[in-house]
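One letter stands for each residue in the lines below.
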Amino acid sequence: MAGLNVSIAFLFLVVGVCQALRQLSKRLLSPGTYGCLARELAGSLELCTSCLELRMLVEIGPWGGGFGPDVALTLLFLLFVVHGASFDGASANPTVSLQEFLLLESNLAATAAKLLAQGAGTGLGWAVTKLYWSWELTHFHLIQNLIALECSSSIHTSLHHAAFVEGTCSFLFHLVLLKLRRSHQMCWVPVLAATVTFLTYTARPFTGAFFNPALATVATFHCSGNGFWDYVQVYWLGPLAGMLAALLLYQGNIPRLFKKNLLYSQKSKYKIPKARVAAHMEHDEPRRKRKGEKSNSEPHA
């Protein structure tokens, strides 16, 4: 269990460092620069390092540490609770940033800056984690360095099925996110963490359950077993299609692309009671009759 304790300490150290980075950049940078760049970079760094370390525990823990996947899943739930409470509005997920753009909540320049920061943050997180593993502080990291020399693909099914799995995970994740985005933080943080934990447990045997293009790129694109375009189809196009489907189902339209609601009828925001409408019509009836009599009494040429 000593190796597990070292990993837990590393995870909390990463969270603390990223939180300090957020607080420092919030003081030094303008709100726009902080929201588009620094916040997303810190969130992506925190998410990438945490997920890579947890992925290592899931793969090596059962036979190298004597604990089951329930330990890693519990840590995953707790970490996503911490992430939700500390991310300060960052998504650390390209499909979420694109969703905000399609909902007219972010312009093109801000979205491009977020995507750039997310790519830089995940790349930095991968480099920091690899450096940390190279120190071989535990036997987990020693084993990880040995098996990393022959990294294999996380896709353990056909490409179409893998893309469907990633798309379904992204669809459910974004649907929950859209439903809860106006809720209080105390409500949506544990629900979203539980959703991610459930999807990871269900889909991991097939694709690794990333449903995050930036995270999947640094974690599995360099592994042998599938080509670059195979990975693009599964880990980029799959989550993107899932996000679009969730947005269309929830909104009925995609505001950035078209305004017409394809799924739901537009009803008036204000409802008039039927009794009041009937009374108004009865009140207007004598007035219409008087007007009609007056027009009939006028002389005709």
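Data block above holds the structure.
Counting starts from 1 at the beginning of each chain's written sequence and moves along it residue by residue. Predicted model: local features are reported for residues with pLDDT of at least 70 only, side-chain atom pairs are reported and counted for 80 or more only, and whole-chain, interface and lining totals are derived from all residues. Side-chain measures were taken over the full set of non-hydrogen atoms in the model, leaving aside hydrogen atoms and water.

1. Comments concerning the state of the cysteines
Threshold: In this description, a disulfide is simply a cysteine sulfur pair whose atoms lie within 2.5 Å.
Tallied over the full model, the rule gives 1 disulfide. Take Cys48: it sits in no disulfide, and the sulfur closest to it among the cysteines is that of Cys51, at 7.6 Å.

2. Quick notes on the environment of Asn212
Applicable threshold: Put simply, DSSP H or I for four residues or longer makes a helix, DSSP E for two residues or longer makes a strand, and each gets a number counted from the N terminus. Think of it in three bands: with a 1.4 Å probe and only protein chains considered, a residue is buried below 20% of the maximum accessible area for its type, exposed above 50%, and partly exposed in between. Contacts: residue pairs with any heavy atoms within 4.5 Å of one another.
Tracing the backbone through its elements, the reader meets Asn212 in the loop between helix 8 (185-207) and helix 9 (213-220). We classify Asn212 as buried; its relative accessible area is 5%. Separated by 120 residues in sequence, Asn212 and Ala92 have C-alpha atoms that sit 8.5 Å apart. Contacts of Asn212, omitting those with residues within four sequence positions, involve Leu47, Ala92, Asn93 and Pro94.

3. A closer look at the side chain of Ser25
What counts here: By the criterion applied in these results, polar contacts are pairs of N or O atoms within 3.5 Å in which, for protein atoms, one can donate a hydrogen and the other can accept it, and in which residues neighboring in sequence qualify only through two side-chain atoms.
Counting through the fold element by element, Ser25 comes out in helix 1 (residues 2-28). For Ser25, a relative accessible area of 9% corresponds to the buried category. Only 2.9 Å separates the side chain of Ser25 from the backbone oxygen of Leu21, close enough to count as a polar contact. Here Arg22 takes part through its backbone oxygen, which lies 3.0 Å from a polar atom of the side chain of Ser25. For Ser25, the contacting residues outside a window of four places in its chain are Tyr34 and Ala38.

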